[in-house]
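# Summary of the model geometry
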Amino acid sequence: MKVWKAITSPWLEVVAMRKLLTANFFRLWKNKIFWAEIGSTALLSVFIVIANYSPKVQAMENRLYLDDVFFTMYQILGFILATGISLIVGTEYSDGTIRNKLTVGSTRTQVYFSNLIASVIPSCFVLIVHGIITYGIGYFLFGSFQMQVGQVVTALLCALLTAFVFSALFVAIAMNCPNKAITAVVSLLLVLGLVYLSSAIGNALTEPEMTYDSITITMDGVQFGEEIQNPAHVDGFNRMLYEFVYDLLPTGQLIQMYCQDFSRCARWPMFSMVIFVLITAIGFLAFRKRDIR
Amino acid sequence: MRKLLSANFSRLLRSRFFWLITGILCCWGGIVYIMMYINITKLGYTNTEANVYFFNGNLCLGPALAIFTSFFIGTEYSDGGFRNKISVGHRRLPIYLSNLILCSIAGILFLAAFWIGALAVGLPTLGTEILLQLEKPFIGFLYSCIAVVTYAALFCMISMLDSNKARAAVIGLLIAVFLIIGSFATSNGFAHPEFTTRMAMNAEGAYEILENIPNSKYLSGTRRIVYQCVDALLPSCHALRPIMSNADYPAYIPFCALVWITVLTSCGFVLFRRKDIK
């Protein structure tokens, strides 16, 4: 009997999860917020490509290429995903759907992970829609990528993993906060805070090591003063720490993609996966202990 | 209206969200002046622009008011406050206006909290210089208040028309973020001068100055008019103006803001009057 139970229990788990996933995707397909998320991604992608195009600039030597435009949209990826996930999963909580799922026999593991999967897949859709539209229109206006194909594929993979991290984060918040409005506000403020922190770290890392104590513009030309150490330059252990945090944060990775700085991109996928597992573990453990009303 | 206002203020003083946002802004004021202190003493910055620090709270004003307004008015919707007010005989116009007045005053209190935190840290560490170095502080204060009322009119309209608290909060917060991005884009557009001075290296390898070169990024014609309209209408642009160094304060801005507040409030009220309140 024990052997039979051991054989059938994982199968039953998968079957129950399959049912929850089917229900989640059925709801998602009919959800206006999901379509608004996809629609706003499409509109913003078109807007960014067209707003960056100027025939005057394209005729100049330092013209723009698709690389300069493609990653711009990634700066607001967090806001789009925060809005969609917090409202979709938050509705599930506030409408009592989670309680109903538990009442009919689904386990908390199944409920949590089915919601996570149902949030990760739409995030992929958002990136696919952005990629197709930006490449489709951008190719005709700016030409192809100047980066190597391998580098483009790496960047897209890293962007996909950051979307997974965002999804895990917003699902963890939504599954542990019964108030939909607070979920949405906390998620959006978190993204805003992460963007602010990442840009502050990015700015600190770009400070040069040496600077001039004065720059004087006279009729004879520009005269540079004595070269001195820049007090704002970050080096040593602090630089290592700054770079670690910059690479760890999904917003930091996306800012580096926008700046086309792929010097440390080899460690981004590993960092994203670690963060994804960590956030999911914390979110799931907290959800398991919650009193669902 | 007096009764509605006193009821609203009584709720405001008991609102946890109000005190939470006030506390956060007060701490932010202190943090900003700690950063100024570090910049001056540790990093050796000398030409620190006092307005950037003193009016820094203006940047948080949009998101703070968006969250507060949606939660304050949204709770009134979800708890049946509006229905009760109407059923005891209050008309919809005083209800709308009392909420607008309350949100505007809450916004000014947020700014006051920021300045209290800022001065509590700034005065003991950096002295009265932080106030003496301010450029046009009274006009800056006036523009901050104009931004508060315009933001309040906008977010009040959204919250009064959308009974779903979460949706109103998300829409308000996203609009606030995009308004801030828009104001930075506008101020960047105006920052380009008509003629520029460029440095070029001559044949002998020395730098020389080339003056009065037409700037391709200078906004002219219809584009400049569009940017000026956006600058006159966005509350985030009014909020950003006191932060910028050498900012000009055109006389038409308060007038445009007044027109914009009237339009937003009128539209909001007309639609609110037709709303079925459950």
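Residues numbered from 1 in each chain as written. Chains lettered and ligands numbered in written order. Predicted model: local features only at pLDDT ≥ 70, side-chain atom pairs only at ≥ 80, totals over all residues. Heavy atoms only, no water.

On to the packing of helix α5 (residues 77-94) of chain A against helix α8 (residues 149-176) of chain A. To describe two helices that pack against each other, one gives the angle between their axes and the distance between the axes. Residue and element names in this part refer to chain A. For the pair α5 and α8, the least separation of the axes is 9 Å and the interaxial angle reads 35 degrees. The chirality of how α5 crosses α8 is right-handed. Together, Leu 77, Gly 78, Leu 81, Ala 82, Ile 85, Val 89, Gly 90 and Tyr 93 of α5 and Thr 162, Ala 163, Phe 166, Ser 167, Phe 170, Val 171, Ala 174, Met 175 and Asn 176 of α8 make up the contact between the two elements. (Axes fitted to C-alpha atoms, helices over the stretch in contact; angles between N-to-C directions. Helix = DSSP H or I, 4+ residues; strand = E, 2+ residues; numbered from the N terminus. Left-handed = near helix turned anticlockwise from the far one by under 90°. Contact = heavy atoms within 4.5 Å.)

Moving on: the interface of chain A and chain B. Tallying the contact residues gives 23 residues for chain A and 20 residues for chain B. Our count for the contact surface shared by chain A and chain B stands at zero salt bridges. Breaking the side of chain A that touches chain B down by element, the ones donating at least two residues are α5, α9 (180-205), β2 (215-218) and β3 (221-224) of chain A. Ranked by residues supplied to the side of chain A that touches chain B, first place goes to α9 of chain A with nine residues. For the side of chain A that touches chain B, a count of residues per class yields 15 nonpolar, four polar and four charged. (Salt bridge = Lys/Arg side-chain N within 4 Å of Asp/Glu carboxyl O. Nonpolar A, V, L, I, M, F, W, Y, C, P; charged D, E, K, R; others polar.)

On average, residues of chain B carry a pLDDT of 86, and 99% of them reach 70 or more. What the predictor reports for the complex is a pTM of 0.84 with an ipTM of 0.79. (pLDDT = per-residue confidence, 0-100.)

All names here are of chain A. When the terminal C-alpha atoms of helix α2 (residues 32-52) are compared, their 30 Å separation across 21 residues agrees well with the 30 Å that a helix rising 1.5 Å per residue should span. Within α2, the full set of buried residues consists of Phe 34, Glu 37, Ile 38, Thr 41, Ser 45, Ile 48 and Val 49. Projected down its long axis, α2 shows its buried positions confined to an angular sector of 100 degrees, all on one face. Counted as exposed and oriented over 90 degrees from the buried face of α2: Lys 32, Leu 43, Phe 47, Ile 50 and Ala 51. The distance from a side-chain oxygen at the start of α2 to the backbone nitrogen of Ile 33 is 3.0 Å, and the residue carrying that oxygen is Asn 31. (Expected span 1.5 Å × (residues − 1). Buried < 20%, exposed > 50% of the residue type's maximum accessible area, 1.4 Å probe, protein only. Arc of directions from axis to C-beta. Polar contact = N/O pair within 3.5 Å; in protein donor to acceptor, adjacent residues only side chain to side chain.)

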